[in-house]
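Chain and residue survey
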Amino acid sequence: MTAITLNLEPVVTLTDEQFYELCMANKDVAMERSPIGELIIMPPVGGGSGSKEADYITDLNLWNRQAGRGVVFSSSTMFKLPGGGDRSPGAAWVSQERWDALSPEEKEQFPPICPDFVIELRSKSDRLGPLQAKMLEYLNSGLRLGWLINPQDQTVEIYRVGKEVEIVQLPATVSGEDVLTEFSLELS
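Below: a short report on this structure.

**Structural notes on the overall build of the chain**
- Helix and strand counts for the chain stand at 5 helices and 13 strands.
- Relative to the globule expectation of 16 Å for 188 residues, the C-alpha radius of gyration of the chain, 16 Å, shows essentially globular dimensions.
- With respect to the principal axes defined by its C-alpha atoms, the chain has extents near 45 × 40 × 30 Å.
- Entry remark: accessible area of the chain is about 9800 Å², with carbon and sulfur atoms responsible for 51%.

**Details of helix α2 (residues 47-67)**
- The terminal C-alpha atoms of α2 lie 30 Å apart, and with 21 residues this matches the ideal 30 Å at 1.5 Å per residue to within 8%.
- Along α2, the residues classified as buried are Ser49, Glu53, Tyr56, Ile57, Leu60, Trp63 and Asn64. Projection of α2 onto a plane perpendicular to its axis shows the buried side chains occupying an angular sector of 125 degrees, all on one side. Exposed residues lying more than 90 degrees from the buried face of α2 are Gly47, Gly48, Arg65 and Gln66.

**Re the nonpolar core**
- Ranked by size, the top nonpolar core spans 23 residues in total, and within it Leu60, Phe117 and Trp147 carry the most contacts.
- Listing elements by their share of this core, those giving two or more residues are α2, β7 (91-95), β8 (117-121), β9 (145-150), β10 (155-160), β12 (172-175) and β13 (184-187).
- Sort the elements by how many residues they give to this core and α2 lands first, with 4 residues.
- When residues no more than four places from it in sequence are discounted, the contact partners of Leu60 are Val72, Ala91, Ala92, Trp93, Phe117, Leu180 and Phe183.
- Listed in part, the 19 residues of the second largest apolar core include Val71, Ile113, Val118 and Tyr138.

**A short note on helix α1 (residues 16-25)**
- Within α1, the full set of buried residues consists of Phe19, Tyr20 and Cys23. Relative to the axis of α1, the buried residues are bounded by an arc of 100 degrees and lie together on one face.
- Against β2 (30-33), β3 (39-42) and β6 (86-87) lie the buried residues of α1.

**Observations concerning the packing of aromatic side chains**
- Evaluated as defined, the whole model comprises 8 aromatic pairs.
- Relative to Phe183, the ring of Trp63 has its centre 5.8 Å away and its plane inclined at 50 degrees; by these criteria the two rings are tilted. Of this pair, Trp63 sits in helix α2 while Phe183 sits in the loop between β12 and β13; the two residues are 120 residues apart in sequence, bridging distant segments of the chain.
- For Trp63, a relative accessible area of 10% puts it in the buried group.
- Three or more aromatic residues link up through ring pairs in this structure, and these residues are Trp63, Trp93, Phe117, Trp147 and Phe183.

**Observations regarding the pattern of salt bridges**
- Summed over the entire model, instances satisfying the criterion amount to 12 salt bridges.
- In this structure, Arg144 and Asp116 form a salt bridge, with 3.6 Å as the shortest nitrogen-oxygen distance. Of this pair, Arg144 sits in the loop between α5 (128-140) and β9 while Asp116 sits in the loop between α4 (104-108) and β8, and the two are 28 residues apart along the sequence.
- When its relative accessible area of 34% is taken as the criterion, Arg144 is described as partly exposed.

How each quantity is defined
Residues numbered from 1 in each chain as written. Predicted model: local features only at pLDDT ≥ 70, side-chain atom pairs only at ≥ 80, totals over all residues. Heavy atoms only, no water. Helix = DSSP H or I, 4+ residues; strand = E, 2+ residues; numbered from the N terminus. Rg over C-alpha atoms; globule rule 2.2 N^0.38 Å. Areas by Shrake-Rupley, 256 points an atom, 1.4 Å probe, with all protein chains shown as cover. Expected span 1.5 Å × (residues − 1). Buried < 20%, exposed > 50% of the residue type's maximum accessible area, 1.4 Å probe, protein only. Arc of directions from axis to C-beta. Core = buried A, V, L, I, M, F, W, Y, C linked by side-chain atoms within 4.5 Å. Contact = heavy atoms within 4.5 Å. Phe/Tyr/Trp six-rings, centres within 6.5 Å; stacked < 30°, edge-to-face > 60°. Salt bridge = Lys/Arg side-chain N within 4 Å of Asp/Glu carboxyl O.

Below is the structure:
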């Protein structure tokens, strides 16, 4: 089962508030919205992908608890990106300074901010092209560092501001570089 993309534009254009209300009324359905307003229904992931995603979030959160430099988010968190899309990365991190600049209301709904760092894990139901487009959407919205982990092709794609995408073969250890100083993740 792959993601289903619905073009609502010919019939209705959802405001930010309407999209939020739609998500709240359908909490059991994972949805995202593209910058051009397409509604994307995300399929659930299987146990293997869910377990790996949990490991990555745990490792990121353990590092963050030690470093105390920001806030870690799970795949259930929707971000309202400056470019117009509403996205839920597999794992995300926002610097404390940027997070603290948001109002309590902004923090409570879909935060209107692009994470500084994201991890996207390609599950067996994900097509690679849409995930790569999503990573570029993050970059265009202010992402500083992102990893697209692709177990099917045994690669990780590293996205950085102003640089070409770097593709590394698995197994590998990837670094948080200057965004997540002293954070590294072993990928097998």
